[in-house]
Amino acid sequence: MIHASGLSHRFRTKQGPVDAVRGVDIDIAESELVGFLGPNGAGKTTTMRMLTTLLPPTAGEATVAGRDLRTDPFGVRRRIGYVPQSGSAGMDRRVGDELRTQGRFHGQSRAEARRKCAELLDRFDLSDLDQRPVAALSGGQRRRLDIALGLIHDPRLLFLDEPSTGLDPHSRANLWEHVRALRAGHGTTVLISTHYLDEADALCDRLLVIDHGRIVATGTPEELKQRVSGDLVVFTCADPATAATAVRAMPEATDVRTEGGEVRLRTARGDTALTALLRRLDSAGITPLSLRVERPSLDDVFLELTGHSLREASVAA
Ligand SMILES: Nc1ncnc2c1ncn2[C@@H]1O[C@H](COP(=O)(O)OP(=O)(O)OP(=O)(O)O)[C@@H](O)[C@H]1O
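These remarks concern the structure in this document. Since this is a predicted model, take the numbers as computed values, not measurements. (Residues numbered from 1 in each chain as written. Predicted model: local features only at pLDDT ≥ 70, side-chain atom pairs only at ≥ 80, totals over all residues. Heavy atoms only, no water.)

Inspection of every chain in the model, using the stated rule, returns 25 salt bridges. One salt bridge in this structure joins Asp198 and Arg172, with 4.0 Å as the shortest N-O distance. Here Asp198, found in helix 7 (residues 197-203), pairs with Arg172, found in helix 6 (residues 169-186); they are 26 residues apart in sequence, far enough to count as distant. Among the residues examined, Arg172 registers a relative accessible area of 16% and is labelled buried. A salt bridge links Arg172 to Glu199, with the shortest nitrogen-to-oxygen separation between them at 2.8 Å. Taken as a pair, Arg172 in helix 6 and Glu199 in helix 7 lie far apart in primary sequence, 27 residues in all. (Salt bridge = Lys/Arg side-chain N within 4 Å of Asp/Glu carboxyl O. Helix = DSSP H or I, 4+ residues; strand = E, 2+ residues; numbered from the N terminus. Buried < 20%, exposed > 50% of the residue type's maximum accessible area, 1.4 Å probe, protein only.)

What follows is the structure in structure tokens.
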């Protein structure tokens, strides 16, 4: 659904050139739900603006929804939906009119546009605001309208640039429910950037991690977490030093340490290594008193890949 190679964008500023995106390759299959993660200024929005034809690449090429970005930008636009970070609704328009007009613009009949508008107003808790001017909406309400506008024509490919930012938990849950329903019902492909790592972890099939304009990792959330440093297994027993010596002989265990009366070790898959660990301890005559497995989080992945925590970066922004 998206094939991009060597996609780059250089902004020219008075202070000199800014290489916002540096030779990005992206392949996204039909119906994939892909999370686009990266710290502030990593190049997510610039990449999305190129893929949605809003910004010409300075190098590279891409096919988006089966159409060439450079030679058929209108073909691309007809097939995609884009929810930018900043609002796309006209301030002097009424909420319902804006949605219905957008539906008509995409070729829907009057009745179809009315039906889709009612469905989306309901989905995003905007039904009471049908006649309200956009300028009189709160920030969260406006954000929900932006998302509804991007979804009005049931696009085959949907780009969502930090759609959850500014939404309350209830609206976030509604948004994700809608995104999943779109995929289940229509096979919609979705590229979504988010700073909510828990969302990305739970809901995306695959993640792309970008930093300083380059893709630094791609994989399922599970694959990325495994790549980092494996699970942490922590156990206590009567004699931690002897236990640590016994565990060091295990090929599955790395970085075996004793700390505060606990034995801590890293292993690629904590769940499968547990049986081997328990056998090993048993044969050494050691009985564990407590044992736990800690899986790496996506924030650990971030820290390892980019040198900083996404959580800290987004709080600071
Ligand atoms: N119009 C512009 N002119 C000059 N530099 C720009 C412009 N737009 C973006 N940049 C720079 O390009 C780089 C990438 O910005 P971009 O907005 O793509 O990052 P991002 O990953 O979307 O960040 P965020 O998470 O904060 O939205 C940054 O260094 C940014 O300052």
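Before going further, it helps to spend a moment on the sheet that holds strand 4 (residues 59-64). Strand order in the open sheet made by the 4 strands is 2-1-4-5, with antiparallel pairing throughout. Edge positions in the sheet fall to strand 2 (16-28) and strand 5 (67-68), since each of these pairs with one other strand and no more. Alignment of strand 1 (residues 2-13) against strand 2, held across 9 bridges, turns out to be antiparallel. Opposite Phe11, over in strand 2, you have Val18 as the bridge partner. (Pairing = 2+ DSSP bridges.)

Glancing now at the site of the ligand. Around the ligand lies a shell of 15 residues, among which Gly41, Gly43, Lys44, Thr45 and Thr46 are the nearest. Side-chain polar atom of Asn40 to an oxygen atom of the ligand: 2.9 Å apart, as the coordinates give it. Between Thr45 and the ligand, the recorded distance is 2.8 Å, taken from a side-chain N or O atom to an oxygen atom. If the ligand stood free it would expose 630 Å²; the protein chains cover 64% of that surface. Of the residues in the shell around the ligand, the class split is 5 nonpolar, 8 polar and 2 charged. (Near = heavy atom within 4 Å. Polar contact = N/O pair within 3.5 Å; in protein donor to acceptor, adjacent residues only side chain to side chain. Areas by Shrake-Rupley, 256 points an atom, 1.4 Å probe, with all protein chains shown as cover. Nonpolar A, V, L, I, M, F, W, Y, C, P; charged D, E, K, R; others polar.)

Mapped onto the elements of the fold, Pro84 is located in the loop between strand 6 (80-83) and helix 3 (95-105). Along the backbone, Pro84 and Asp161 are 77 residues apart, and their C-alpha atoms lie at a distance of 5.2 Å. With residues up to four places along the chain from it excluded, the contact list for Pro84 reads Arg143 and Asp161. (Contact = heavy atoms within 4.5 Å.)

Turning next to the side chain of His9. As for its position among the elements, His9 is in strand 1. The class for His9 is buried, based on a relative accessible area of 7%. If sequence neighbours within four positions are ignored, His9 has contacts with Val18, Asp19, Ala20, Val21, Thr46, Met50, Leu55, Pro56, Pro57 and Thr58.

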